[in-house]
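Analysis of the macromolecular model
Chain residues, written in single-letter form:
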Amino acid sequence: EQTYDPAAVQEKWQARWEELGTFVASDDPADPRERRYMLDMFPYPSGDLHMGHGEVFAIGDVVARYWFHQGHNVLHPIGWDSFGLPAENAAIKRNAHPAEWTYANIETQANSFRRYGISFDWTRRLHTSDPDYYKWNQWLFTRFFERGLAYRKGGLVNWCPNDQTVLANEQVVAGQCERCGAVVIRRELTQWYFKITDYAQRLLDDMDQLSGWPEPILTMQRNWIGRSEGADVTFEIEGHGAVTVYTTRPDTLYGATFFVVAADAALADRIVTDERRPALEAYKAEVAKLTDIDRLSTEKEKTGVFLGVHAVNPVNGERIPVWAADYVLADYGHGAIMAVPAHDQRDLDFAKTFDLPVRVVLETGAADPAETGTATPGEGRLINSGPLDGLSKTEAISKIIEVLEEKDLGHGTVNFRLRDWLLSRQRFWGTPIPIIHCPSCGEVAVPDEDLPVRLPEGVRGEALAPKGVSPLAGVEEWVNVKCPSCGADAKRDTDTMDTFVDSSWYFFRYTSPGYTAGPFDPEQVRRWMPAGQYIGGKEHAVMHLLYCRFFTKVIHDLGMIDFVEPFTRLLNQGQVINQGKAMSKSLGNGVDLGKQIDEFGVDAVRLTMLFAGPPEEDIDWADMSPAASLKFLARAHRIMTEVSSAPGVDFASGDLDLRRFTHKTVAEVTKLVDGYRFNVAIARMMELTSAARKAIDSGPGAGDPAVREAAEALAIMLSIISPYVTEEGWEALGHEGSIARVQWPVADPALLVQDSVTCVVQVLGKVRDRLEVSPEISAGDLEALALASEKVQADIAGRPVRKVIVKAPKIVNIVV
Ligand code: ANZ
Ligand code: ZN
């Protein structure tokens, strides 16, 4: 039954595409075609490609190939995010250099991508670990540094005791190192930071431009940035002067019954009495073991130490005790709070634990928090609050801010939860930070003409083992240099950059990868960017995608580009799971992409991935049948080989029924592909295949021009999903060259005359949608169509479907 040998045709066409330059983007300014930039999140070179890659790159490839068929000038590049810890750990284990593991894996993946038929422009390939790439990390870093956007500060950082390196907050997941799972501790270190907080408001405001992004990602970014409005209020700490607190609830100022300082803030050390100091020291040692997440948890039992001093409430002169506790963070707001136990749950838990007073200042109608143990954060009228009595919460907030501003005791303000981006890492396989520390000049940026600062050669194996300082610190001839500004003996910074720096701007470089006068050619970026479509996993919601947006804004502010958002549209693909669960070694349910391809061929594997469901949804491989996909492809291919009319024949004289069906299918598939509903588009192509089969076997026969028309339309449309078999088919149809650049078929409106009926779709007997369908539609197709309806899905709202009653073509009733 099989009409083609996948393995043989794959290699043939890979060579042809490369020879013809089929997927090479044109930089010619005179090229009149519309430019389109299809960007996939570039891979990390760990081993070979896996099923997840198979899914995401198949989706991106469909988009890119579709654009090619529409006659656009398409940029679809590939590169590797090739610095990072796994390479270093592998090198330690094998007594090798990280580059050996890295570049070997890159080659493996590159070969797999070729085999997988991805329409990459290989001429633009880049690797972030190449000196001519990381040179520009360094160049950009020095621009940030000159503007005060890269700076060093001491402070407590997240430290992975296993990897012996710092982690950004974003890399700590539930208190553990995102990479190795070790429990993360806090450690005092001087580190480099990017001042992303300067861009917090713009990162929020510019979300206006991101209507093409999934809403959940925007929500996650909004929460991560964590903007809140409130007031800074100044309290006097007796004997120690003024201290400011940040509060989102200045209306509750009269309800402050104690004051809390972060145990690990310098302020606690400064104000604690000698008598209470040993207790504070002991407590701090305990707090150091906790992550921010533990500390902020409302679940956690409250702990703390009285510091022996009192604060004075600025509005009523009341003296309240000052405590140190872990639930206040040193690096948020001002590291100190006024505690209002009646209206804040954590304050109430603390008050209960240490028997501190609770005073209600907002009458909400709820029971007394002191009795119930439940704080009342809601709306109400102010009581026990002097001039605020009787006001609503909102009125009281404005009024008290007015009063505080008048008396110079505080002011309204905005706060962000977003922290600066900690970018130094104490590891080898990354971009050296291009700073020289001079005893007299301080931090001096390496001059542009001395970039790149290359990683020293010969550091391998044991020399890379984690020691708490960067392995670079041990390479004396590399570390010791002259100060570029005064010539004195000086030392290089020995940390390397977080690899998220590398991935924050690589998409700019793709537009002009050989450019030597800067990180990218501004002229090329102007032509290609912002990228029209970015595709990758939702796990990058806050780190990578926020950093890309931040870099783009800084690059804009450097005057190098005139837009502020890098990606117009974002798509997060679903995961490939197996038997309802994520694939994992421990479950033994892993599926190997390479083996699937060996068995069924690339075309069938890609078709299976894309037929499984909408691209955003998870695919359960256990439910899929690549064997059935291969069968379908063979049927489609056979039709292309059986057509007996000549290429160029006038379709107008062909069988009218088949012509109508073909044009209707073209119209539908075009719309579906435009909406990224590839699975439904494939279903339509299957129907077209059946119609053509029928026409050959029991209709006008293989020589009818309508059969050629159907076969050609099918070949072109299917080629975005399954490129190899359709190239073969195109050749069998008597054409030369690659099908990939052939114009997408266009439906003739004259052939789209109404031959449809209206089908009513009901959920539990209520009409939810009406569908225009073919009078000949099969019950199965009608059911799939009804279930795919957005209105129906919205009504079902995730409830399991129990039964679907189909009376084709008029009625579908869904029972949930
Ligand atoms: C008094 C108060 C009364 C508060 C009340 C809340 C409710 P967001 O929205 O996250 O900005 N806070 C301030 N600095 C803090 C720190 N360093 N660590 C932990 N908590 C801190 O929250 C701001 C609120 O979190 C502030 O408002 C403060 O508690 C607390 F009925 O002040 B509030
Ligand atoms: Zn100097």
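Residues numbered from 1 in each chain as written. Chains lettered and ligands numbered in written order. Predicted model: local features only at pLDDT ≥ 70, side-chain atom pairs only at ≥ 80, totals over all residues. Heavy atoms only, no water.

Taking an unreviewed UniProt entry as the reference, the protein is identified by name as Leucine--tRNA ligase belonging to Actinocorallia longicatena. Per UniProt, the comment on the protein under Catalytic activity (unreviewed entry) is "tRNA(Leu) + L-leucine + ATP = L-leucyl-tRNA(Leu) + AMP + diphosphate". For the record of the protein, the UniProt heading Sequence similarities (unreviewed entry) holds the text "Belongs to the class-I aminoacyl-tRNA synthetase family." (UniProt positions renumbered as here; feature names shortened; annotations may be inferred.)

Some details on the nonpolar core
Counting 91 residues, the largest nonpolar core has F141, F194, W421 and F508 as its most contacted members. Setting aside anything within four residues of it in sequence, one finds W421 in contact with W192, Y193, F194, I196, D498, F500, V501, S504, Y547, F550 and F551. (Core = buried A, V, L, I, M, F, W, Y, C linked by side-chain atoms within 4.5 Å. Buried < 20%, exposed > 50% of the residue type's maximum accessible area, 1.4 Å probe, protein only. Contact = heavy atoms within 4.5 Å.)

Considering the coordination of the zinc ion (ligand 2)
Distances from the zinc ion (ligand 2) to its protein donors, C438 (SG), C441 (SG), C483 (SG) and C486 (SG), fall at 2.2 to 2.4 Å. Relative to the metal, the 4 donor atoms surrounding the zinc ion (ligand 2) lie at angles of 108 to 113°, and the coordination shape comes out tetrahedral. Here the donor residues for the zinc ion (ligand 2) map to a single chain with the spacing C-x2-C-x41-C-x2-C. (Donors = N, O, S within 2.8 Å, 3.2 Å for Na, K, Ca; no water. Tetrahedral: all angles 85-135°; square planar, octahedral: opposite > 155°, others 65-115°.)

Considerations on unusual backbone geometry
Leave glycine aside and you will find that most residues have negative phi; peptide bonds, for their part, are mostly trans. A cis amide bond links L451 with the next residue in sequence, P452, at an omega value of 0°. With respect to the helices and strands, the residue P452 is situated in the loop between β22 (442–445) and α14 (476–479). In this model, A808 is joined to P809 through a cis peptide bond whose omega is -5°. Mapping P809 onto the fold places it in the loop between β33 (803–807) and β34 (811–815). At N95, a position not held by glycine, the phi torsion is positive, near 50°. In this structure, D355 takes a positive phi of about 60° despite not being glycine. Relative to the helices and strands, D355 is located in the loop between α11 (345–354) and β16 (362–363). By relative accessible area, which is 70% here, D355 ends up exposed. (Helix = DSSP H or I, 4+ residues; strand = E, 2+ residues; numbered from the N terminus.)

Points about the sheet that holds strand β19 (residues 421–422)
Ordered by their spatial adjacency, 4 strands build an open sheet running β6-β5-β9-β19, and the pairing between neighbours is antiparallel. Each edge of the sheet is formed by a strand with only one pairing partner; in this case those strands are β6 (165–167) and β19. Where strand β5 (residues 150–160) lies against strand β9 (residues 185–194), 10 bridges are found, and the strand directions are antiparallel. Following the sheet pairing, G154 is matched in β9 by T190. (Pairing = 2+ DSSP bridges.)

Digging into the environment of A582
Tracing the chain through its elements places A582 in strand β29 (residues 581–582). Discounting chain neighbours no more than four positions away, the residues touching A582 are Q575, I577, L587 and N589.

Quick word on the sheet that holds strand β30 (residues 619–620)
With mixed pairing, 3 strands are arranged side by side in an open sheet as β29-β28-β30. Every other strand in the sheet has two partners, leaving β29 and β30 as the edge strands with one partner each.

Brief notes about the packing of aromatic side chains
In this description, a pair of aromatic rings is defined by centroid distance and the angle of the planes. In this structure the tally under the stated criterion is 49 aromatic pairs. Arranged with centres 6.1 Å apart and planes meeting at 50°, the rings of W80 and F113 form a pair that is tilted. Highlighted residues: W80 in strand β3 (residues 79–80) and F113 in helix α4 (residues 98–115), separated in sequence by 33 residues. Like W80, the residue F113 is buried in the burial classification. Taken together, a centroid distance of 5.7 Å and an interplanar angle of 20° make the contact between Y151 and Y193 stacked. (Phe/Tyr/Trp six-rings, centres within 6.5 Å; stacked < 30°, edge-to-face > 60°.)

With respect to the pattern of salt bridges
Per the counting criterion, the structure on display carries 47 salt bridges. Note that E88 is salt-bridged to R427, the shortest N-O span being 2.9 Å. With a gap of 339 residues between them, E88 in helix α3 (residues 85–94) and R427 in the loop between β20 (424–425) and β21 (435–438) connect regions that are remote in the sequence. A salt bridge links E395 to R381, with the shortest nitrogen-to-oxygen separation between them at 3.7 Å. Separated by 14 residues along the polypeptide, E395 in helix α13 (residues 393–406) and R381 in strand β17 (residues 381–382) bring together distant segments of the chain. On the accessibility criterion, R381 (46% relative accessible area) is partly exposed. (Salt bridge = Lys/Arg side-chain N within 4 Å of Asp/Glu carboxyl O.)

Some details on the UniProt feature "domain: Leucyl-tRNA synthetase editing" (unreviewed entry) in the protein
Following the UniProt record, one finds the feature "domain: Leucyl-tRNA synthetase editing" (unreviewed entry) at residues 222–404. Taken end to end, residues 222–404 comprises 28% helix and 26% strand; its first and last C-alpha atoms sit 29 Å apart.

Some details on the UniProt feature "domain: Methionyl/Leucyl tRNA synthetase" (unreviewed entry) in the protein
Cross-referencing UniProt, the feature "domain: Methionyl/Leucyl tRNA synthetase" (unreviewed entry) maps to residues 42–182 in the present numbering. Between the first and last C-alpha atoms of residues 42–182 the distance is 27 Å; the span itself is 45% helix and 18% strand.

Topic: the site of ligand 1
Neighbouring residues of ligand 1: 17 residues in total, closest S228, T247, T248, L329 and Y332. At a separation of 2.7 Å, an oxygen atom of ligand 1 approaches a polar side-chain atom of T247. Between L329 and ligand 1, the recorded distance is 2.8 Å, taken from a backbone N or O atom to a nitrogen atom. Surface burial for ligand 1 is 87%, taken as the share of its 650 Å² of free accessible area covered by protein chains. (Near = heavy atom within 4 Å. Polar contact = N/O pair within 3.5 Å; in protein donor to acceptor, adjacent residues only side chain to side chain. Areas by Shrake-Rupley, 256 points an atom, 1.4 Å probe, with all protein chains shown as cover.)

A look at the packing of helix α7 (residues 215–225) against helix α18 (residues 543–557)
Across the interface, α7 lies against α18 with an axial gap of 10 Å and an inter-helix angle of 75°. Put simply, α7 runs roughly perpendicular to α18. Contacts between α7 and α18 pair I217, Q221, W224 and I225 from the former with L545, L546 and R549 from the latter. (Axes fitted to C-alpha atoms, helices over the stretch in contact; angles between N-to-C directions. Parallel < 35°, antiparallel > 145°, perpendicular 65-115°, else oblique.)

Observations regarding the side chain of D81
Along the polypeptide, D81 turns up in the loop between β3 and α3. Put simply, D81 is tucked away with no salt bridge, and the nearest opposite charge, on R179, sits 7.4 Å away. Setting aside its immediate chain neighbours within four residues, D81 contacts F42, P43, Y44, P45, T128, T499, D502 and S503. (Lys, Arg positive; Asp, Glu negative; His and termini not counted.)

Comments concerning helix α9 (residues 277–287)
Restricting attention to buried positions, one finds in α9 the residues L280, Y283 and V287. The arc enclosing the buried residues of α9, seen along the axis, measures out at 65°, which places them on a common side. The elements touched by buried residues of α9 are α8 (266–271), α10 (292–296), β13 (304–312) and β14 (319–325). (Arc of directions from axis to C-beta.)

Here we look at the environment of Q10
As for its position among the elements, Q10 is in helix α1 (residues 6–20). Since its relative accessible area comes to 6%, Q10 is described here as buried. The spacing of Q10 and A311 is 301 residues in sequence and 76 Å in space, taken between C-alpha atoms. Not counting residues within four places of it along the chain, the set of residues in contact with Q10 comprises R115, I597, G601, V602 and Y724.

Quick look at the pairing of strand β31 (residues 757–763)
Counted residue by residue, β31 has 5 buried out of 7 residues, so it is predominantly covered. By the bridge criterion, 7 bridges tie β31 to strand β32 (residues 766–773) in an arrangement that is antiparallel. Counted as the bridge partner of T758 is E772 from β32. The sheet contact formed by β31 and β34 spans 4 bridges and is parallel. Within β34, the position partnered with Q762 by the bridge is N813.

A few points about the environment of Q138
For Q138, the position within the fold is in helix α5 (residues 131–146). Each residue touching Q138, except ones within four places of it in the same chain, is listed here: T431, P432, P434, L451, P452, V453 and M497.

Looking at the side chain of D31
Of note, D31 is situated in the loop between α1 and β1 (35–40). Since its relative accessible area comes to 13%, D31 is described here as buried. What D31 contacts, discounting residues up to four positions off in sequence, is S26 and N73.

Focus on the packing of helix α23 (residues 678–698) against helix α24 (residues 705–719)
Between α23 and α24, the shortest axis-to-axis distance is 10 Å and the interhelical angle comes to 155°. With respect to each other, α23 and α24 are oriented roughly antiparallel. The hand of the α23/α24 crossing is left-handed. Across from M685, L688, T689, A692, A695 and I696 in α23, the residues of α24 making contact are V707, A710, L714, M717 and L718. (Left-handed = near helix turned anticlockwise from the far one by under 90°.)

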